[in-house]
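Coordinate inspection notes
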Amino acid sequence: MMTILSPSILSADFKNLEKDIKAIDEAGAEYIHIDVMDGRFVPSISYGMPVIKSIRSCTSRVFDVHLMIEEPIRYIEEFVKCGADIITVHVEACEDVVATIEKIRECGVKAAITLNPETPVKAIEPYLSLVDMVLVMSVHPGFGGQKFIPESLEKVKQIKAKLIEKGLYNVDIEIDGGINIENLVSVLEAGANVIVAGSAVFKNDAGANVKRFKEIMSTY
């Protein structure tokens, strides 16, 4: 599987958001990770459709939209219209997971599913054949800058094994939370191929940080 870097703009400088996005784009980041929080499913409120729509013209990179909101099926069409290319929903946040995934696909974008650190892999197993990507949360969703949860590596390995068992070789495994240069190799070796990084990318020189990530990732 191709390795992909998806910097999380939650850690970007919102006074200079266009500048930061262009820096990671030009440095080679394939995706832009966009965390949407509603203050209900998670304690924080981040940003929504107006911000996504406003930055869509800044880059042609894939918009990897992570919805940390209750009943996301209500807003799928709107997020697609704003420019989402991939939409990730939480298994814990959907009353009807299948209907939500189908809605994403009907709108013509890729579907992904995720689970909180305390949620077992078996909770998403019934939906693996319906999605393009599985996101493993390696921190508790809702806040940037948290420390990586080491047990997440075992969850990545379990999901990788399940995908192989089911013959789902084209499903990406994304990991999000506390990823940095120091633990990058361990998550790649566990089986993740889409790497979300926020603080580790946007602290200091975002372009240079992207290049460091990509250099390591290119060997996997």
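The sections below set out a description of the structure shown in this document.

Here is what the cut-offs are and how they apply
- Residues numbered from 1 in each chain as written.
- Predicted model: local features only at pLDDT ≥ 70, side-chain atom pairs only at ≥ 80, totals over all residues.
- Heavy atoms only, no water.
- Core = buried A, V, L, I, M, F, W, Y, C linked by side-chain atoms within 4.5 Å.
- Buried < 20%, exposed > 50% of the residue type's maximum accessible area, 1.4 Å probe, protein only.
- Contact = heavy atoms within 4.5 Å.
- Helix = DSSP H or I, 4+ residues; strand = E, 2+ residues; numbered from the N terminus.
- Salt bridge = Lys/Arg side-chain N within 4 Å of Asp/Glu carboxyl O.
- Arc of directions from axis to C-beta.
- Polar contact = N/O pair within 3.5 Å; in protein donor to acceptor, adjacent residues only side chain to side chain.

This part covers the nonpolar core. Ranked by internal contacts, the top residues of the largest apolar core, which has 65 residues, are Ile9, Ile34, Ile87, Ile195 and Phe213. The contacts of Ile34, once residues within four sequence positions are left out, are Ile9, Tyr47, Ile52, Ile55, Phe63, Asp64, Val65 and His66. In terms of nonpolar packing, the next biggest core, distinct from the first, is built from six residues, Tyr31, Ala112, Met133 and Val194 among them.

We now examine the environment of Asp20. Positionally, Asp20 belongs in helix α1 (residues 17-27). Assessed through its relative accessible area of 15%, Asp20 is described here as buried. Taking the C-alpha atoms as reference points, Asp20 and Gly207, separated by 187 residues in sequence, lie 8.4 Å from one another. Among residues more than four places away in sequence, those in contact with Asp20 are Ala12, Asp13 and Phe202.

A few words on the pattern of salt bridges. A complete count under the given rule lists ten salt bridges for this structure. Arg61 is paired through a salt bridge with Asp25; the nearest N and O atoms lie 3.0 Å apart. One end of the pair, Arg61, is in the loop between α2 (49-55) and β3 (62-68); the other, Asp25, is in helix α1, with 36 residues separating them in the sequence. With relative accessibility at 24%, the residue Arg61 sits in the partly exposed group. Put simply, Glu70 and Arg40 hold a salt bridge, and the shortest N to O gap is 3.4 Å. In this pair, Glu70 sits in the loop between β3 and α3 (76-82) while Arg40 sits in the loop between β2 (31-37) and α2, placing the two residues 30 residues apart along the sequence. Note on Glu70: relative accessible area 30%, which makes it partly exposed. One salt-bridge network, in which partners are shared between bridges, spans Glu125, Lys162 and Lys166.

Among the residues of helix α4 (residues 97-106), Val97, Thr100, Ile101, Lys103 and Ile104 are the ones counted as buried. Take α4 and look down its axis: the buried residues cluster within an arc of 155°, on one side only. In this structure, the buried side of α4 is in contact with α3, β4 (86-90) and β5 (110-115). In this structure Asp96 caps α4, since a side-chain oxygen of it lies 3.3 Å from the backbone nitrogen of Val98. Trailing α4 by a residue or two, Gly108 shows a phi angle of about 85°, which is positive.

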